[in-house]
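These are the residues of each chain, in order.
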Amino acid sequence: MNIAFAPPYIDQSVIDEVVSTLNSKWITTGPKVIALENEVKKLTSSDAAICVNSWTSGAILMLKWFGIKAGDEVIVPAYTYCATALCVLHCGATPVIVDVNDDFCISSKAVLKAITPKTKAIIAVDIAGWPCDYEKLNNIIRMPEINSLFNAESNKQRALGRILLIADAAHSLGATINGLAAAKQSDIAIFSFHAVKNITTAEGGCICLNLPPAFDTYEEYQYLKMYTLNGQNKDAFAKSRGAGWKYDVLFQGLKVNMPDICAAIGLAQIKKYECALLPVRKLIALKYCKGFKKMNWFMAPPLLKDNRESSYHIFALRIKNLSEFQRDQIIEDVVSKGVAVNVHFIPLPMLTFFKSLGYKISDYPSSYLQFSREISLPIYPQLTNAELDFIIETVIGSVNAVMGYVKSEAIALDYKVEA
Ligand SMILES: *Cc1c(COP(=O)(O)O)cnc(C)c1O
């Protein structure tokens, strides 16, 4: 067999939507983007949704919107994709990297300890689609002794009057807390529509606003749409409809708008998301859990508990008492049998760039532990039952072979953190 890791879901409806966009002769930001924004808004029960050309640019945009600048601090977890911290650096601010819990999510205890008078925002990452404990994070940013540290330096910061809570929801479209969209639990949730994500526009992202009443959401939506278009007060679509050639540039915006030709892909997919694509992902995750249940090395990923439900973006298999070296051996073996797998994520302090900034993995023992024993398995609607059975069988075979091979060393190597 030859099983891909995360191919995009392209059916006839996706092709038709893209072709209709081409035939419409309007391929950049226009009606398809608006339609996709409306679908995301509905799916996440958000007050507003703004499409952009990536999660990364959306995060830079929102940090700039909040007035984050040099000297400010933004708290982010070590266990994430680099973009979560890079967006902070792009604004000249400092990412304050903290450790995660056993469920991959940012540790609230570590967040509480990391807050200083310079802290302007927290970016919590819903790893694999598993929503963070937003109740705890929301409580922390509203604690009187924390609130009194907050130093508002921009209009938006004065309007909010506290630390901004951003969800890195790159993985978690469709995740819920108490049966409601998880995105509702943060001030700003940013989704990624990169090619490997649950819904894709090839490259893209969407910013969902759920701001407190001090903000006029419609006004913020219009302002942010301009922000994605160089601060221009009239987009090309409006100009093309004979709405007049005159325009103005009101402020120093970015150029991070999503084109309609991309939105078309996501638009066709999202219409099938809740009724078909997401339920199939869940079925696959449950099938993996059932397949591995009897193995004493199996650690089930967090999927459905404590009133939270994942969006089943990544199946993060973890293996008990495993060293990083053994994990790599298992991957090598599984890949050689035709199953593409991955690791989510290499903690930021293990990457050359972050090391050069002075971050050390020894400060993040839980992130290292999760990383060292994690293998992400294929999970997407096109997988067949035969392929799933093959993946389960192959993984069990490889784990047992590798674990049996160096069983006594496994215990000693576990919890070893490289400097
Ligand atoms: C994919 C991903 C991003 C970046 O998304 P882009 O759309 O590629 O910018 C950010 N955070 C996490 C956790 C991701 O997995």
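For clarity, every value in this text was computed on a predicted model and none was experimentally measured.

K.L.:
What should I look at first to understand the packing of aromatic side chains in this one?
P.N.:
Aromatic rings in a pair are described by how distant their centres are and how their planes are angled relative to each other. For the structure shown, the criterion picks out 16 aromatic pairs. Ring geometry for Tyr81 against Phe345: centres 6.3 Å apart, planes inclined by 45°, an arrangement best described as tilted. Pair noted here: Tyr81 is in the loop between strand E2 (73-77) and helix H4 (83-90) and Phe345 is in the loop between helix H13 (324-336) and helix H14 (352-356), with a separation of 264 residues, a long-range link. Taken together, the ring pairs in this structure connect Tyr288, Phe292, Trp297, Phe298 and Phe315 into an aromatic cluster.

K.L.:
Is there a simple way to think about the site of the ligand in this case?
P.N.:
If you check the shell around the ligand, you find 15 residues, and the closest are Thr56, Asp168, His171, Ser192 and Lys197. Contact distances for the ligand include 2.8 Å between an oxygen atom and a backbone N or O atom of Trp55. At a separation of 2.6 Å, an oxygen atom of the ligand approaches a polar side-chain atom of Thr56. A total of 390 Å² of accessible area belongs to the ligand in isolation, and the protein chains cover 92% of it. One can see that the ligand is located within the largest pocket. Its residues assigned to classes, the shell around the ligand shows five nonpolar, eight polar and two charged.

K.L.:
Just checking my understanding: could you explain the domain arrangement of the protein chain for this structure?
P.N.:
Interface size is commonly expressed as the accessible area that is lost once the parts come together. Each domain of the protein chain was delimited in the assignment, giving domain 1 (12-270) and domain 2 (273-418). Look at where the C-alpha atoms of domain 1 and domain 2 centre, and you get two points 28 Å apart. If you look at the interface, domain 1 gives 42 residues, while domain 2 gives 38 residues. Taken together, both faces of the contact between domain 1 and domain 2 bury some 3,200 Å²; the carbon and sulfur share is 61%. Together, Tyr79, Trp130 and Asn198 form the three largest contributors to the area buried by domain 1 at its contact with domain 2, with a combined 22%. The interface formed by domain 1 and domain 2 includes two salt bridges.

K.L.:
Even after reading the chapter, I still don't get the pattern of salt bridges, so can you show me in this structure?
P.N.:
Should their charged atoms come close, side chains of opposite charge can pair. A full pass over the atoms with the stated rule returns 19 salt bridges. One salt bridge connects Arg162 with Asp187, and the closest N-O pair in it is separated by 2.8 Å. With Arg162 in the loop between helix H8 (155-160) and strand E5 (164-168) and Asp187 in the loop between strand E7 (180-181) and strand E8 (188-192), this pair connects stretches of sequence that are 25 residues apart. Since its relative accessible area comes to 6%, Arg162 is described here as buried. Among the charged side chains, a salt-bridge network with shared partners connects Lys69, Asp72, Lys120 and Glu153.

K.L.:
So what exactly am I meant to see when it comes to helix H9 (residues 217-227) here?
P.N.:
Helical periodicity: at 3.6 residues per turn, an α-helix aligns residues three or four positions apart in one direction. Listed in full, the buried residues belonging to H9 are Thr217, Glu220, Tyr221, Leu224, Lys225, Met226 and Tyr227. Buried residues along H9 sit against helix H2 (31-44), strand E1 (48-52), helix H3 (55-65), H8 and strand E9 (205-209). Its side-chain oxygen at 3.1 Å from the backbone nitrogen of Tyr218, Asp216 defines the N-terminal cap of H9.

K.L.:
Would you take a moment to explain the sheet that holds strand E11 (residues 304-305) for this structure?
P.N.:
What links the strands of a sheet is backbone hydrogen bonding, and the strands pair in either a parallel or an antiparallel sense. Read from one edge of the open sheet, four strands run E7-E6-E12-E11, paired in antiparallel fashion. One side of each edge strand has no neighbouring strand; the edge strands of this open sheet are E7 and E11. Pairing between E11 and strand E12 (residues 308-309): two bridges, direction antiparallel. Counted as the bridge partner of Lys305 is Arg308 from E12.

K.L.:
Is there a simple way to explain empty space enclosed by the protein in this structure?
P.N.:
Over the atoms, a rolled probe matching the size of one water molecule traces out where space is still vacant. Using the criterion set out here, one finds three cavities of 30 Å³ or more in the structure. Within this model, the largest cavity holds a volume of roughly 120 Å³. Lining the largest cavity are 17 residues; nearest its centre among them are Pro7, Tyr9, Lys197, Asn198 and Arg281. Counting only domains with at least three residues in the lining of the largest cavity, you end up with domain 1 (12-270) and domain 2 (273-418). Within this model, the second largest cavity holds a volume of roughly 50 Å³. Along its surface, the second largest cavity is lined by Phe104, Ile127, Ala128, Trp130, Pro301, Pro302, Leu303, Ser310, Ile314 and Ala316. For the lining of the second largest cavity, the class distribution of residues is nine nonpolar, one polar and no charged. Residue assignment places the lining of the second largest cavity across two domains, with domain 1 (12-270) and domain 2 (273-418) each supplying three or more.

About the cut-offs
Residues numbered from 1 in each chain as written. Predicted model: local features only at pLDDT ≥ 70, side-chain atom pairs only at ≥ 80, totals over all residues. Heavy atoms only, no water. Phe/Tyr/Trp six-rings, centres within 6.5 Å; stacked < 30°, edge-to-face > 60°. Helix = DSSP H or I, 4+ residues; strand = E, 2+ residues; numbered from the N terminus. Near = heavy atom within 4 Å. Polar contact = N/O pair within 3.5 Å; in protein donor to acceptor, adjacent residues only side chain to side chain. Areas by Shrake-Rupley, 256 points an atom, 1.4 Å probe, with all protein chains shown as cover. 1 Å grid on protein atoms, 1.4 Å probe; cavity = no way out; pocket = protein on both sides within 12 Å on 5 of 7 lines; lining within 4 Å. Sits in = over half its atoms within 2 Å of the grid points. Nonpolar A, V, L, I, M, F, W, Y, C, P; charged D, E, K, R; others polar. Domains from an automatic or database assignment. Contact = heavy atoms within 4.5 Å. Buried area = accessible area lost by both parts, 1.4 Å probe. Salt bridge = Lys/Arg side-chain N within 4 Å of Asp/Glu carboxyl O. Buried < 20%, exposed > 50% of the residue type's maximum accessible area, 1.4 Å probe, protein only. Pairing = 2+ DSSP bridges. Points joined across faces, edges and corners; volume = space filled by probe spheres on them.

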